[in-house]
Each structure stands twice: as structure tokens, then as C-alpha cells.
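Each chain, letter by letter, is given below.
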Amino acid sequence: MSAPLSRHSILVDYYQRFLGDQDTATFIRSVVRRYTAATLERMITCSDRFGRRAAVLALGYIGEYESNTALGKALVDGDRGVRTLAESAIRNVWGRIGSSEQRRCLREVSRHNQSKQHEKAIELATQLIHESPWIAEAWCQRGTAYFHLGQYDAAIRDCHQALE
């Protein structure tokens, strides 16, 4: 008696190929040809764990801010791989919001945080927040800087605002 054939989506094939070759451009091109963001969002809740992982990874590359809700739900998925990919995907989606100048400023804030230049990160993030308070990642980055400076109340306030 032979084992039953496993059914899975083509997306899982793309994902498995990506895990082997790490060719992001090919993964994205393949996904865009067959899937919409809305389909990927549905797959996050309906697929097996590899399908959910593949959908979350793909949304991180091609999703827009509207995918935020689906990715947020993936943060509490039972599979740690899905949760980890969702955290990164949300950051990617949040990083694509706003004008090119706002995105450049956000990257600069992030670089300052990574370089432990938290005061400068706070200064730039504050300017961006005053200009565009709807950019959640600006609040998140400023909250991160406050946290590293030991200003926990401000960090909590900003992180809460990012989630709002």
C-alpha cells in the first residue's frame, strides 16, 4: 500500500525552492504571477504551517499596509516560524508606507537605533511623527530608542501608539 499523496499549494513549492536557493527575486516574481495579496492573506489562516509561512513571507515582500491586519494575526500563530516571519513581514510592510522621503527618513532613524545613536533616532523620529503621525514604524523606532535610553514610560507610550 502506498502513502497518500500530499496536497499543497504551488506557493509551498516556491517557498521550498526559496529556502534552498535564497533567490528572493525569483520567489517574488513567481508569487506575483499567481497570487494576489488578498489570496495570500487568506492562506495565512487556512494553510498548513508551510503554506502559512510561505504566505507570510510573500506578503512581507509584496503586501501593502492593508495586509497589516492579516500579518498581525500571524503574530500569534501556533507555529514559531510563522510568528518570526510575520514580525519581519510587518516591518517590511510598514517600511513601504509614505513618500520616498519619509521612507528614507525612516531608514535613517533605524540606522541610528542600530548604531546606538538613540538621541539622534528620537530627534528624527519625532520630526517624522509630527509630519506623518500615521507612520507606525516611526512610533516603533522612537519607542525602541526610548527603551534603550531607559525611558520606559515613553517607550511604552510610543509602542502602544504604533500598535494603534
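Higher on the page you've got the structure.
The following paragraphs examine the structure supplied in this document. (Residues numbered from 1 in each chain as written. Predicted model: local features only at pLDDT ≥ 70, side-chain atom pairs only at ≥ 80, totals over all residues. Heavy atoms only, no water.)

**So, the overall build of the chain**
Step number 1: Looking only at helices and strands, one finds 10 helices and zero strands in the chain.
Step number 2: Helices and strands appear in the chain in the N-to-C order α-α-α-α-α-α-α-α-α-α.
Step number 3: If you line up the chain on its principal axes, its C-alpha atoms span 65 × 30 × 25 Å.
Step number 4: Within the chain, buried positions represent 42% of all 164 residues.
Step number 5: A separation of at least 24 residues holds for 55% of the contacts in the chain among residues at least 6 apart in sequence.
Step number 6: With an accessible surface of roughly 9,700 Å², the chain has 52% of that area assigned to carbon and sulfur atoms. (Helix = DSSP H or I, 4+ residues; strand = E, 2+ residues; numbered from the N terminus. Buried < 20%, exposed > 50% of the residue type's maximum accessible area, 1.4 Å probe, protein only. Contact = heavy atoms within 4.5 Å. Areas by Shrake-Rupley, 256 points an atom, 1.4 Å probe, with all protein chains shown as cover.)

**Observations regarding unusual backbone geometry**
Step number 1: We note that Q22 has phi near 55°; this positive angle belongs to a residue other than glycine.
Step number 2: Of note, K116 is a non-glycine position whose phi angle comes to about 60°, a positive value.
Step number 3: Considering the arrangement of structural elements, one finds K116 in the loop between helix 7 (100–114) and helix 8 (118–131).

**Overview of a nonpolar patch on the surface**
Step number 1: Together, F147, Y152 and I156 give the surface a local cluster of nonpolar side chains, amounting to about 350 Å² of exposed area.
Step number 2: If you trace the backbone, I156 turns up in helix 10 (residues 152–163). (Patch = residues over 30% accessible without salt bridge, like charges linked within 9 Å, V, L, I, M, F, W, Y side chains within 5 Å. Salt bridge = Lys/Arg side-chain N within 4 Å of Asp/Glu carboxyl O.)

**Quick look at the packing of helix 7 against helix 8**
Step number 1: It is the contact of helix 7 with helix 8, at a shortest axis distance of 8 Å, that shows an interaxial angle of 155°. With respect to helix 8, the axis of helix 7 lies roughly antiparallel. In the packing of helix 7 onto helix 8, the handedness of the crossing is left-handed. Listed contacts from helix 8 to Q102, C105, L106, E108, V109, H112 and N113 of helix 7 are H118, K120, A121, L124, A125, L128 and E131.
Step number 2: Considered class by class, the residues forming the contact of helix 7 with helix 8 number seven nonpolar, four polar and three charged. (Axes fitted to C-alpha atoms, helices over the stretch in contact; angles between N-to-C directions. Parallel < 35°, antiparallel > 145°, perpendicular 65-115°, else oblique. Left-handed = near helix turned anticlockwise from the far one by under 90°. Nonpolar A, V, L, I, M, F, W, Y, C, P; charged D, E, K, R; others polar.)

**Quick word on the environment of A155**
Step number 1: Note on placement: A155 falls in helix 10.
Step number 2: With a relative accessible area of 6%, A155 lands in the buried category.
Step number 3: Through-space distance from the C-alpha of A155 to that of A145 is 7.6 Å; in sequence the pair is 10 residues apart.
Step number 4: Residues within four places of A155 in sequence aside, it is in contact with G143, Y146 and F147.

**Side note on the environment of R33**
Step number 1: Note on placement: R33 falls in helix 2 (residues 24–34).
Step number 2: Residues R33 and L57 lie 24 residues apart in sequence; the distance between their C-alpha atoms is 16 Å.

**Section: the environment of L128**
Step number 1: Here L128 lies in helix 8.
Step number 2: For L128, a relative accessible area of 2% translates into the label buried.
Step number 3: Counting along the chain gives 26 residues from L128 to A154, while the straight-line C-alpha distance between them is 17 Å.
Step number 4: Those residues within four positions of L128 in sequence are excluded, and the remaining contacts are Q102, C105, L106, P133, I135 and A138.

**Topic: the packing of helix 7 against helix 9 (residues 136–148)**
Step number 1: Where helix 7 meets helix 9, the closest approach of the two axes is 10 Å, and the angle between their N-to-C directions is 15°. Classified by the angle their axes make, helix 7 and helix 9 are roughly parallel. Viewed along their axes, helix 7 and helix 9 form a crossing whose handedness is left-handed. Where helix 7 abuts helix 9, its residues L106, V109, S110 and N113 lie against E137, A138, Q141, T144 and A145.
Step number 2: Its residues placed into classes, the contact of helix 7 with helix 9 shows four nonpolar, four polar and one charged.

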